[in-house]
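# Working through the structure, step by step
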Amino acid sequence: MADEYVRRTAITRLSVDGEQRELLEDTITEWKRGCQIATNLAWGHCNAKSDVQSLAYDSVREDTDLGSQHAILATHQAAQAITGCIERRSQGKKVSKPTFTAPTIKYDTRTMTVFDDDTVSLATTESRVRCPLDLPDADDGYQRQYLDSDEWSVTESTLTARDGEFFLHIGFRRHKNDTERNTAEDGTVLGVDLGIENLAVTSTAYFFSGRELTHDLREFEKVRAGLQQTGTRSAHRTLGQSSGRELRHVRDVLHRASNALIDEALRYDCDVIAFENLTDIRERTGASWGHKWAFRTLYEYVEYKAESVGISVKQVGSAYTSQRCSECGFTVEENRRSRNDFRCVKCGSEANADYNAAKNIGMRYVRRGQQSSRRTGDSQLALKSGMVTPKGGFTAYPDGFEAEFTDKPHPQSAEGA
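So, here's what we can say about the structure. Worth saying up front: this structure is predicted, and the values here are computed from it rather than measured. (Residues numbered from 1 in each chain as written. Predicted model: local features only at pLDDT ≥ 70, side-chain atom pairs only at ≥ 80, totals over all residues. Heavy atoms only, no water.)

### Digging into unusual backbone geometry
Going by this rule: For helices the rule is a DSSP run of H or I covering at least 4 residues; for strands it is a run of E covering at least 2, with both sets numbered from the N terminus onward. Summary of the burial criterion: residues with accessible area below 20% of their type's maximum are buried, those above 50% are exposed, and those between are partly exposed, where the area comes from a 1.4 Å probe applied to protein chains only.
With a phi close to 70 degrees, Ala-205 is a non-glycine residue in the positive phi region. On the secondary structure map, Ala-205 appears in the loop between strand E9 (198-202) and strand E10 (207-209). Using a relative accessible area of 6% as the deciding quantity, one classes Ala-205 as buried. Despite not being glycine, Asp-269 has its phi angle at roughly 55 degrees, a positive value. Within the fold, Asp-269 resides in the loop between helix H7 (245-267) and strand E11 (272-276). Looking at Asp-269, the relative accessible area reads 22%, which means it is partly exposed.

See below:
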């Protein structure tokens, strides 16, 4: 049955004291345990919400400190994750049992209440906590169009912990009007650029270094070259069947990179992760054969992991994404000054070249929605400091969500990713 609602999310930081912080952190820890317990019990047996709830609810209640409603929600989260794996398996793809590591927890209208005085009451493992919403001073902050409207009602929401702060992603919904019925749902998009020096860069300015992958691929390709000389029929087949140390290292890097991209999409409450089309990526980037395989494998890892958390993964055309200015749109080869540096010869905007490309990739998916008869054209691109739409322009996040804004890269070590 088609969803009869338009859904949106408003992000705001919570103002919490020390005791509230401890309660919320403990509740998130218990939530992750509850989701894992339910998944362990249901894996290989059932995936419908009602079935997982019947099977796992008592164990979640007995083995965690979650309240009854949060225990139910944890079983539903497990069911959703298992369903994503089953759908992937039906397509002939390999799956593994979901694990829950992200510092998030789901809330619904029974476990969360938003009050007119801009406070929110949240259930924890002990008592409810009531925290102020740290909203912008201006009355026209984007959250107000939902909080102050009788048309939008609060629905399932997500609390996320990050660097000692808590951010509440408040879900809202309203009934679709006649023109919106039977159209595909739009949402928030995370753009991703793939490359050699930086394996992956997002439109939110997250950088995953490519140095470790490049080193491991060099070592692996030495082994591959030797295998080819012995008459291996297919390099792809060799890669797929090899269990050597070098390949394990490569796959470990790709798994960590894919987890980092999923975490970034969840952090910014994204509905879609948009990559550039991978068909000609070797020619565009000057990548080795091994890098081309690694890009494809990373995409597949992100694709199946995203399914378990309800995020779509798409590809868009790659033409001129490295030459186009993400600020003014001017496109010319001279904009790309070097592998790392981008400077628009028209408006003078400067950025890391991969970051500029990631924003172009994400915005290309957003603009595609405006031209599709199946979508409402109401997508938005997630940036480090706010959201941007082709028509509505830029809207900043609430103060503190991402206070720092810079176009300079922040290389991540493999351990830090």
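### Observations regarding the sheet that holds strand E2 (residues 104-107)
Within a sheet, each strand pairs with its neighbour through backbone hydrogen bonds, oriented either parallel or antiparallel. Basically, it comes down to this: Strand pairing is defined by DSSP finding a minimum of two bridges between the two strands. Lines fitted to the C-alpha atoms define the axes, with helices restricted to the stretch that makes contact. Angles between their N-to-C directions range from 0 to 180 degrees.
Spatially, E2-E6-E7-E1-E5-E4-E3 is the arrangement adopted by the seven strands of the open sheet, whose pairing is antiparallel. The open sheet has two edge strands, E2 and strand E3 (112-114), and neither has a second partner. Within the sheet, the average angular offset between the axes of one strand and its neighbour, ignoring direction, is 30 degrees. In this structure, strand E6 (residues 153-162) lies alongside strand E7 (residues 165-175), joined through eight bridges in antiparallel fashion. Considered in E7, the bridge of Arg-162 is made with Glu-165.

### Overview of the packing of helix H1 (residues 18-42) against helix H2 (residues 49-63)
To be explicit about the condition: In these notes the angle categories are as follows: under 35 degrees is roughly parallel, over 145 is roughly antiparallel, 65 to 115 is roughly perpendicular, and the rest is oblique. Working rule for handedness: look at the near helix, and if it is turned counterclockwise from the far one by less than a right angle, call the crossing left-handed; if clockwise, right-handed. In what follows, residue pairs with any heavy atoms lying within 4.5 Å of each other are defined as contacts. Polar here means any residue other than Ala, Val, Leu, Ile, Met, Phe, Trp, Tyr, Cys and Pro, which are nonpolar, and Asp, Glu, Lys and Arg, which are charged; Gly is therefore polar.
Contact pair H1 / H2: the axes reach a minimum separation of 9 Å and the direction vectors enclose 135 degrees. Viewed along their axes, H1 and H2 adopt a mutual orientation that is oblique. For H1 against H2, the interelement crossing comes out right-handed. Side by side, H1 and H2 meet where Arg-33, Gly-34, Ile-37, Ala-38, Leu-41 and Ala-42 of the first sit next to Val-52, Leu-55, Ala-56, Ser-59, Val-60 and Asp-63 of the second. Split by residue class, the contact of H1 with H2 holds eight nonpolar, two polar and two charged.

Read these as geometric descriptors, not functional statements.
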